[in-house]
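Observations on chain architecture
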Amino acid sequence: MQKYDIVVVGAGHAGCEAAAAAANMGSKVLLVTMNMLNMAQMSCNPSMGGIAKGQIVREIDAMGGYSGIVTDRTMIQFRMLNLSKGPAMWSPRAQNDRVLFSVEWRSMLEKTKNVDFWQDSVDELTVKNGKITGVKTGLGITIQCKSVILANGTFLNGLIHIGEKHFSGGRMGDGASKNLTERLVDFGFKSSRMKTGTPVRVDGRSLDFSKMEEQPGDEIPGQFSYTETPRLKHQRSCWLTYTGSEVHDILRTGFDKSPMFSGRIMGKGPRYCPSIEDKIDRFATKERHQLFIEPEGWDTVEYYVNGFSSSLPEDVQFKALRKVKGFEKAKFFRPGYAIEYDYFPPDQLNFSLETKVIENLYFAGQINGTTGYEEAAAQGLMAGINAHLKIKKEKEFILKRSDAYIGVLIDDLITKGTEEPYRMFTSRAEYRILLRQDNADQRLTKLSNQIGLASESRLTAVEEKYVKVNKFIAFLNGHSLQPNQVNTLLSEKMTNPIIQKQKAALILLRPQMFLKDLIERVEEIGIYAQDNGLLDADIVEEAELKIKYESYIGKEQELVDKLANLEDYVLAGDYDYSKLTSLSHEAREKLNKIKPRTIGQASRISGVSPADISVLIVHLGR
């Protein structure tokens, strides 16, 4: 077999983004997967985006990744979440056709120059002088390469649990990956176990939706990609129902056979997406829990029961679920199950996602202890970029916490590590007013273009967009409106009329006012917008947000600039902190373990105090 620049192991969301990014930058890539029919499979929820996760998908798209495009082409519903809150919290979310999503991802990769495919498992790595030289497959084939990206998902020694039954598998219907964990441990890596789970799948023909609350998509559905992707013309609804005390009582009858409560599952599960048995155990006083009933695609009767993840015996799952309103006659396609798998604590990585133990070996996705398609895809994108840059002997590409949610994600993993499946939230990002879902293109497309990923056409589109946005803002800041032009509108909005002329931007600052209202009701603004090509929804939204939140954005940017000095203090990667006896014992231990790149990263390490940071700054000064 020919020699490759990069071998990507695993074709989940991380592996697919890694392969696409590296190939589009010019590397010759081989994507190895045990089953080519399941590339980028949505193993759990058939959706993309959500709180903070939607921002990540938009960031991936802004940088030239594929997740946003695939999502737009295969979604069956779109909702912008958190619209009742400020724009820093707005998060796009899509329901997707599970089958089409995987098909579309494969199609895009097959059309990507420089990507080859091989169906097989990878059981061993070949290493010489601490540097990757290739991989060995289950078929006994050695594939030479310059770099390897491991994106194994839940497949490393995966073990599926349903009640007292357990069997090997990376997910239902697919085998586990054997031997690779043991080989990595032999090289000096530390591994541990994590657990995740998935709910039952049901036959929609057997459900009574009249007993549930309909959850339709947005009246005007949005998109994830900044490119020209198709807009939804019609959507499928989701449905909301609830568990109750009778459901909980039935579930408790299976606790003695639960692998989670009996101790058969050793790995930690996700704190923010617990199983239904975990929820009723931890929140015993809560009388009911929400269940979102989500269609799996356009042309299927299969539904996903979001909120009912379980590893209880299947008969207990089915009996309990039939006590939920609308599920009295439910028929089931398969039970929920838990899956336990190996991961490698991410403090063994550099910020580029290259491992500290073996040069040119990268980890991406659930192997690093994360949960979620979006978090995995983001890591895959960054690993693919950095593997390519390392081969070309170019500087690594690192996103700061103030650049992107992707930067927050990787900094959290490398700096703090994780002992439970890591999930992104807006609350994790201290600069979330700057990291909105609407401006990912402005933040990231130019950076990606500079390293050779985002195309020139993408960069040109972003530049043209923000020329128009800034032109509109300048007009609204400079154009005054007379009372007779806006007072009728202000009255309808139940806000005070003006008694003398005011700048349009000042009127727009009122919480009741929206730019689209001024465009529709104030002739001068509407004509100006139309004549200057400013009616596009993205331009209107961006101009409005920048005006309304200018002071907040400015204050947050000042904070970023003030703390930027700490990120400029670069620390030696091989320094022995035990020599600095003026540091606390814990700080010396943590700094030697993590080897932070900068003072800023060191300041975020648990156990490193402000006094320790002062010592480091003084030491650097010397």
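Details of the structure are given in the entry above.
Calculation rules
- Residues numbered from 1 in each chain as written.
- Predicted model: local features only at pLDDT ≥ 70, side-chain atom pairs only at ≥ 80, totals over all residues.
- Heavy atoms only, no water.
- Helix = DSSP H or I, 4+ residues; strand = E, 2+ residues; numbered from the N terminus.
- Rg over C-alpha atoms; globule rule 2.2 N^0.38 Å.
- Buried < 20%, exposed > 50% of the residue type's maximum accessible area, 1.4 Å probe, protein only.
- Contact = heavy atoms within 4.5 Å.
- Core = buried A, V, L, I, M, F, W, Y, C linked by side-chain atoms within 4.5 Å.
- Axes fitted to C-alpha atoms, helices over the stretch in contact; angles between N-to-C directions.
- Parallel < 35°, antiparallel > 145°, perpendicular 65-115°, else oblique.
- Nonpolar A, V, L, I, M, F, W, Y, C, P; charged D, E, K, R; others polar.
- Pairing = 2+ DSSP bridges.
- Salt bridge = Lys/Arg side-chain N within 4 Å of Asp/Glu carboxyl O.
- Phe/Tyr/Trp six-rings, centres within 6.5 Å; stacked < 30°, edge-to-face > 60°.

This brings us to the overall build of the protein. The helix and strand tally for the protein stands at 22 helices and 21 strands. A globule of 622 residues ought to have a C-alpha radius of gyration of about 25 Å, and the protein, at 26 Å, matches this closely. Projected onto its principal axes, the C-alpha positions of the protein cover 80 × 75 × 50 Å. Within the span of the protein, comprising 622 residues, buried residues form 57% of the whole. Partitioning the contacts of the protein with sequence separation of at least 6, the portion at a separation of at least 24 is 72%.

Grouped together as the largest cluster of nonpolar side chains are 103 residues, with contacts concentrated most on Val148, Leu150, Leu361, Ile385 and Ile406. Tallying contributions element by element places helix H10 (residues 373-391) first for this core, with eleven residues. Beyond its immediate chain neighbours, meaning those up to four positions away, Leu361 contacts Leu125, Ile132, Val148, Leu150, Leu184, Phe189, Leu353, Glu354 and Thr355. Counting 29 residues, the second largest nonpolar core, distinct from the first, contains Tyr466, Ile473, Ala504 and Leu534.

On the secondary structure map, Met513 appears in the loop between helix H15 (504-508) and helix H16 (515-521). Look at Met513 and you get buried, because its relative accessible area is 0%. When the C-alpha positions of Met513 and Leu489 are compared, they lie 9.1 Å apart, and in sequence the two are 24 residues distant. Look past the residues within four positions of Met513 in its chain and what remains in contact with it is Leu489, Leu490, Lys493, Ile507, Leu508, Leu518 and Lys548.

Turning next to the packing of H10 against helix H11 (residues 405-416). One way to put it is that H10 packs onto H11 with a least axis distance of 10 Å and a crossing angle of 90 degrees. Taken together, the axis directions place H10 and H11 in an arrangement best described as roughly perpendicular. Where H10 approaches H11, its residues Glu375, Ala378, Gln379 and Met382 are matched on the opposing element by Ile406, Leu409, Ile410 and Leu413. A per-class count over the contact of H10 with H11 returns six nonpolar, one polar and one charged.

Pairing is antiparallel across the open sheet formed by three strands, whose spatial order is E3-E5-E4. Every other strand in the sheet has two partners, leaving strand E3 (47-49) and strand E4 (75-81) as the edge strands with one partner each. Here the average twist between neighbouring strands, direction ignored, is 15 degrees.

This paragraph deals with the pattern of salt bridges. If you walk through the whole model with that rule in mind, you get 38 salt bridges. Here Lys516 makes a salt bridge to Asp517, at a shortest N to O gap of 3.8 Å. Residue classification places Asp517 among the buried positions, given a relative accessible area of 7%.

Another point: unusual backbone geometry. Phi is positive for Asn82, close to 70 degrees, though the residue is something other than glycine. Residue position: Asn82 is located in the loop between E4 and strand E5 (91-96). Within the chain, Asn129 stands out as a residue other than glycine whose phi angle is a positive 55 degrees. Structurally, Asn129 can be placed in the loop between strand E7 (122-128) and strand E8 (131-137). Among the residues examined, Asn129 registers a relative accessible area of 77% and is labelled exposed.

This next bit is on the pairing of strand E14 (residues 238-242). Of all five residues in E14, five are buried, a share of seventy percent or more. Of the two faces of E14, both are covered, the one formed by Cys238, Leu240 and Tyr242 as well as the one formed by Trp239 and Thr241. As paired elements, strand E13 (residues 213-215) and E14 share three bridges and run antiparallel to each other. When the sheet's bridge partners are listed, Gln215 is paired in E14 with Cys238. Both E14 and strand E15 (residues 290-295) contribute to a ladder of four bridges, which runs antiparallel. By the bridge assignment for E15, Leu240 is matched with Phe292.

With that settled, the discussion passes to the packing of aromatic side chains. Any aromatic ring pair is given by two values, namely how distant the centres are and how the planes are angled relative to each other. Per the stated rule, a full pass over the model turns up twelve aromatic pairs. Here the aromatic rings of Tyr66 and Trp105 are separated by 5.7 Å at their centres, their planes lie at 45 degrees, and the arrangement is tilted. On the criterion of sequence distance, the pair formed by Tyr66 in the loop between helix H2 (53-62) and helix H3 (67-74) and Trp105 in helix H4 (residues 98-110) is long-range, its members being 39 residues apart. The same class applies to Tyr66 as to Trp105, namely buried. When the centroid spacing of 6.1 Å and the interplanar angle of 45 degrees are considered together, the rings of Tyr549 and Tyr552 count as tilted. Residue Tyr549 is classed as partly exposed on the basis of its relative accessible area, which comes to 26%.

Note that Gln482 resides in the loop between strand E20 (480-481) and helix H14 (483-492). Separated by 56 residues in the primary sequence, Gln482 and Thr426 place their C-alpha atoms 40 Å from one another.

Structurally, Ser147 can be placed in strand E9 (residues 142-150). Excluding its chain neighbours within four sequence positions, the residues that come into contact with Ser147 are Asp5, Ile6, Val7, Ile132, Asn360, Tyr362, Ala387 and Ile391.

This part takes up the pairing of E9. Examined bridge by bridge, strand E1 (residues 4-9) and E9 share five bridges and lie parallel to one another. Bridge pairing in E9 places Val7 opposite Val148. Where E8 and E9 come together, three bridges link them in antiparallel fashion. Paired with Gly134 across the two strands is Gln144, which belongs to E9. What sits between the antiparallel neighbours E8 and E9 is a turn of four residues, in which Gly140 has the positive phi angle 85 degrees. Both E9 and strand E19 (residues 361-363) contribute to a ladder of three bridges, which runs parallel. Each residue of the ladder has a partner; that of Ile149, found in E19, is Tyr362.

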